[in-house]
Amino acid sequence: MKRRNFIKRTTLGSLSTLIGAEIVFADTMPKGYLPLAFQDPDPFKMFNKNKEMEVLNDKPWNIEAKAHLLDDKITPNSSMFIRNNGLIPEQIDANTWTLTIDGESVDTPKSYTLEELKTKFNQHTYQLTLECGGNGRSEFDPPAKGNQWTVGAVSCASWTGVRLRDILEDVGVNNDAVYIGYHAADVHLSRDPQKEPISRGAPMAKAMQDETLIAFQMNGKDIPLAHGYPLRLVAGGWPASVSGKWVNRISVRNIVHDGTKMTGTAYRVPCNPVAPGEKVKDEDMCIIESMPVKSLITYPRSGATIKEGKALDIRGHAWAGELEVSKMEYSIDFGASWNDCPIEKPYNRLAWQHFATKIDFPKKGYYEVWAKATDSRGISQPMLLPGWNPKGYLNNACHRIAIKVV
Ligand SMILES: Nc1nc2c(c(=O)[nH]1)N[C@H]1C(S)=C(S)[C@@H](COP(=O)(O)O)O[C@H]1N2
Ligand SMILES: [Mo]
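Throughout, residues of each chain are indexed from 1 in the direction in which the sequence is written. Chain labels run from A onward and ligand labels from 1 onward, assigned in the order the entries are written. For a predicted model such as this one, the threshold for reporting local features is a pLDDT of at least 70, and the threshold for listing and counting side-chain atom pairs is 80 or more; totals across whole chains, interfaces and linings nevertheless cover every residue. To obtain the side-chain values, all non-hydrogen atoms of the structure were used and water was disregarded.

**Details of the site of ligand 1**
Okay, step 1: Taken together, 19 residues sit near ligand 1, with Phe81, Asn85, Asp186, His227 and Lys245 positioned nearest.
Okay, step 2: Each polar contact in these results corresponds to two N or O atoms within 3.5 Å; when the atoms are within protein, one needs to be able to donate a hydrogen and the other to accept it, and residues that are neighboring in sequence are counted only if both atoms are side-chain atoms. A distance of 2.7 Å is found between an oxygen atom of ligand 1 and a backbone nitrogen or oxygen belonging to Asn85.
Okay, step 3: One of the side-chain N or O atoms of His227 is found 2.7 Å from an oxygen atom in ligand 1.
Okay, step 4: To be clear on the numbers: accessible area is Shrake-Rupley with a 1.4 Å probe, and residue cover counts the displayed protein chains and nothing else. Here ligand 1 loses 99% of its free accessible area of 540 Å² to cover by the protein chains.
Okay, step 5: Definitions used for this entry: grid spacing 1 Å over protein atoms alone; cavity, a set of points where a 1.4 Å probe fits but cannot get out; pocket, an open set with protein on both sides within 12 Å along at least 5 of 7 lines; lining residue, one with an atom within 4 Å of a point. More than half of a molecule's atoms within 2 Å of the grid points is what it takes for that molecule to sit in a cavity or pocket. Mapping ligand 1 onto the cavity grids shows that it belongs to the largest cavity.
Okay, step 6: Each helix corresponds to a stretch of at least 4 residues labelled H or I by DSSP, and each strand to a stretch of at least 2 residues labelled E; elements are numbered beginning at the N terminus. Taken together, the elements giving at least two residues each to the shell around ligand 1 come down to strand E3 (82–83) and strand E8 (179–184). For each residue, the test is whether any non-hydrogen atom lies within 4 Å of the molecule or strand; if one does, the residue is near.

**Here's the deal with the state of the cysteines**
Okay, step 1: Cysteine sulfurs are considered disulfide-paired once they come within 2.5 Å of each other. Considering all chains together, one arrives at one disulfide under this definition.
Okay, step 2: Disulfide pairing is shown between Cys271 and Cys286; the S-S distance is 2.1 Å. Taking the torsion about the sulfur-sulfur bond, which here is approximately 100°, the covalent link between Cys271 and Cys286 counts as right-handed. With Cys271 in the loop between strand E14 (268–270) and strand E15 (285–287) and Cys286 in strand E15, this residue pair connects regions lying 15 residues apart in the sequence.

**Re the sheet that holds E8**
Okay, step 1: Taken together, the five strands give an open sheet; going across it, the order is E5-E4-E13-E8-E9, and neighbouring strands pair in mixed fashion. Two strands close off the open sheet at either side, each with one partner strand: strand E5 (110–113) and strand E9 (201–203). The mean angle between the axes of side-by-side strands here comes to 15°, regardless of whether they run parallel or antiparallel.
Okay, step 2: The strands touched by helix H5 (residues 164–171) are strand E4 (98–102), E5, E8 and strand E13 (247–253); relative to E5, the strand with the most contacts, the crossing angle is about 135°. For two strands to count as paired, DSSP must find a minimum of two bridges between them. Axis definition: a line fitted to C-alpha atoms, limited for helices to the stretch in contact. Angles are taken between N-to-C directions and run from 0 to 180 degrees. Note on contacts: a residue pair qualifies if any of its non-hydrogen atoms lie within 4.5 Å across the two residues.

**Topic: unusual backbone geometry**
Okay, step 1: Note the cis peptide between Asp141 and Pro142, where omega equals -5°.
Okay, step 2: Assignment of secondary structure puts Pro142 in the loop between strand E6 (123–131) and strand E7 (154–163).
Okay, step 3: Each neighbour pair has its own omega, and for Tyr299 with Pro300 the value is -5°, a cis peptide bond.
Okay, step 4: Among the structural elements, Pro300 can be located in the loop between strand E16 (294–299) and strand E17 (304–306).
Okay, step 5: For Leu350, which is not glycine, the phi torsion reads 75° and is therefore positive.
Okay, step 6: Looking at where Leu350 falls in the secondary structure, it is placed in the loop between strand E20 (339–340) and strand E21 (353–359).
Okay, step 7: In this scheme, a residue with accessible area under 20% of its type's maximum is buried, one over 50% is exposed, and one in between is partly exposed, where area comes from a 1.4 Å probe on protein chains only. You can call Leu350 buried: its relative accessible area is 5%.

**A few points about the pattern of salt bridges**
Okay, step 1: Between Lys or Arg on one side and Asp or Glu on the other, a salt bridge is scored when a side-chain nitrogen of the former is within 4 Å of a carboxyl oxygen of the latter. According to the stated counting rule, one finds 21 salt bridges in the structure shown.
Okay, step 2: Between Asp313 and Lys358 there is a salt bridge whose closest N-O contact spans 3.1 Å. Note that Asp313 is positioned in strand E18 (residues 312–319) and Lys358 in strand E21, a separation of 45 residues in sequence.
Okay, step 3: Among the residues examined, Lys358 registers a relative accessible area of 53% and is labelled exposed.
Okay, step 4: In the salt-bridge network here, residues are joined through shared partners; they are Lys206, Glu211, Glu322 and Arg349.

**Examining the pairing of E16**
Okay, step 1: Taken across its six residues, E16 has five buried, putting it largely inside the fold.
Okay, step 2: Of the pairings in the sheet, the one linking E16 to E18 comprises five bridges and is antiparallel in character. Each residue of the ladder has a partner; that of Ser295, found in E18, is Ala318.

**Some remarks on a nonpolar patch on the surface**
Okay, step 1: On the surface, Met383, Leu384 and Leu385 cluster together into a nonpolar patch covering about 260 Å² of accessible area.
Okay, step 2: The residue Met383 is located in the loop between strand E22 (365–375) and strand E23 (399–405) in this model.
Okay, step 3: Given a relative accessible area of 35%, Met383 falls into the partly exposed group. Only residues above 30% relative accessible area that lack a salt bridge enter a patch, with like-charged residues linked at up to 9 Å and the nonpolar side chains Val, Leu, Ile, Met, Phe, Trp and Tyr linked at up to 5 Å.

**Let's talk about the sheet that holds E3**
Okay, step 1: Read from one edge of the open sheet, three strands run E1-E2-E3, paired in antiparallel fashion. The strands lining the two open edges of the sheet, one partner per strand, are strand E1 (54–58) and E3.
Okay, step 2: The pairing of E1 with strand E2 (residues 61–64) spans four bridges and is antiparallel. Note on E2: the bridge partner recorded for Asn57 is Asn62.

**Description of the nonpolar core**
Okay, step 1: Buried Ala, Val, Leu, Ile, Met, Phe, Trp, Tyr and Cys residues form a nonpolar core when they are joined through side-chain atoms within 4.5 Å. Counting residues in each nonpolar core, the largest one holds 52 residues, and the members touching the most others are Ile101, Leu117, Ile167, Ile180, Ile214 and Leu231.
Okay, step 2: An automatic or database domain assignment provides the domain bounds reported here. Shared between two domains, this core holds at least three residues of each, these being domain 2 (77–287) and domain 3 (294–405).
Okay, step 3: Excluding residues that lie within four positions of it along the chain, Leu231 makes contacts with Trp97, Leu99, Leu114, Leu117, Ile214, Ala215, Phe216, Gly244, Lys245, Trp246 and Val247.
Okay, step 4: Ala304, Ile306, Tyr330 and Ile403 belong to the second-largest nonpolar core, a separate cluster that totals 23 residues.

**Structural notes on the pairing of E21**
Okay, step 1: The element E21 is largely enclosed, with a buried count of five among its seven residues.
Okay, step 2: Across seven bridges, the pairing between E18 and E21 is antiparallel. Within the sheet, the bridge partner assigned to Arg315 lies in E21 and is Ala356.

**Some remarks on the layout of surface pockets**
Okay, step 1: Grid points are joined across faces, edges and corners, and a volume is the space filled by probe spheres set on the points. Taken as a whole, the second largest pocket holds about 600 Å³ of empty space.
Okay, step 2: Along the wall of the second largest pocket there are 27 residues; nearest its centre are Val269, Pro270, Ser290, Pro292 and Leu394.
Okay, step 3: Broken down by secondary-structure element, the contributors of at least two residues to the lining of the second largest pocket are E14 and E15.
Okay, step 4: As a working rule, the residues Ala, Val, Leu, Ile, Met, Phe, Trp, Tyr, Cys and Pro are called nonpolar, Asp, Glu, Lys and Arg charged, and the rest polar, with Gly in that last group. Within the lining of the second largest pocket, the residues separate by chemical class into 18 nonpolar, six polar and three charged.
Okay, step 5: Three or more residues apiece are contributed to the lining of the second largest pocket by two domains, here domain 2 (77–287) and domain 3 (294–405).

Below, the structure is given as structure tokens:
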């Protein structure tokens with residue numbers, strides 16, 4: 001990226017200064033060659049991430065948070081997970097960026113500059129929970145291929161933008177519209193320009209919700225590059241793969257969008273439960289829509305110790321896709337009994353909710369605190385694992401932390 005251009009313009013002498021040693025065989029170094037000393041980028045610096053984040057993959061970049069890094073009510077960039085299917089676009093010029101609305105259900109495609117989007121439509125800000133469909137994948141058995149996310153592929157940031165609905169109404173959408181599909185500027189791993197790393201979407205009803213935004217700000221600033229600068233679709237409560245980063249086109253489709261990662265086992269699960277490892281026919285797979293109820297203890301970290309006779313403060317967040325979390329409970333006896341835990345109302349629809357309580361332990365020893373949320377339909381998190389599926393999606397098992405009372 002910038003670094004490469006910088007190297008082109010840099011003399012050998014200054015390269016040596018940067019490396020901190022003379023390049024002894026500089027004469028025979030190929031012209032334009034980038035010394036390895038500059039080839040291993042530090043993802044924590046490059047993306048401004050907390051050093052405790054876990055890099056699961058560097059081609060493409062996939063980085064997850066740990067539970068305790070998600071303690072803030074609004075997730076800061078420094079602890080927001082990164083999930084990329086391809087390569088981050090390298091040349092972005094916000095001044096010439098456009099969003100085009102097209103597709104079978106649009107008679108006359110229309111394009112907007114960022115400036116037009118910002119001035120023509122009302123701006124809205126929502127806190128929106130974005131959880132990767134594969135969060136928790138590492139627990140499934142038989143294991144599923146893909147990034148082995150544990151618990152940290154979830155965030156709830158504050159997103160500012162304009163409603164997709166307002167844009168679609170401005171363009172004019174025909175009655176036969178069933179789905180929107182996004183297209184973005186990231187590059188396929190093969191670098192083949194004909195291929196898209198990912199192009200997903202949502203049914204019209206989700207596209208038209210108040211909270212579905214075409215966002216240009218995250219937490220009050222330009223969206224960080226890794227999270228979709230300069231423009232991103234944000235659809236809270238659904239698998240975060242629906243929230244296309246670096247979006248430059250949205251197609252209004254008269255069929256269920258058939259872009260990359262909309263079919264096969266990608267972001268689809270068996271419509272009915274299957275035995276672990278079972279082969280599932282393509283027609284028996286359903287697209288993931290609203291994410292299931294889930295929670296995360298963000299304080300203390302697992303492994304904490306506390307003095308006998310003292311109460312333990314715990315806190316965290318819970319969310320339930322399109323629904324609200326109506327009850328929060330914890331257990332210190334491996335789920336044999338449950339205690340109520342106060343939980344706040346969401347800041348807005350599709351924002352995660354915060355819980356906190358104090359826990360007393362009967363005597364010295366090893367304990368686990370298990371957290372369980374229940375959604376407004378009365379559905380709770382499973383204690384250990386939900387139903388198996390081929391790609392290891394939707395693991396909403398109770399989060400558990402270990403505590404020693406000494
Ligand atoms: N253009 C584009 N959008 C994308 C992706 C991608 O690879 N390219 N990944 C998706 C997936 S699978 C997830 S989970 C979220 C991750 O968002 P984040 O990296 O901002 O946390 O972005 C989604 N949007
Ligand atoms: Mo994802």
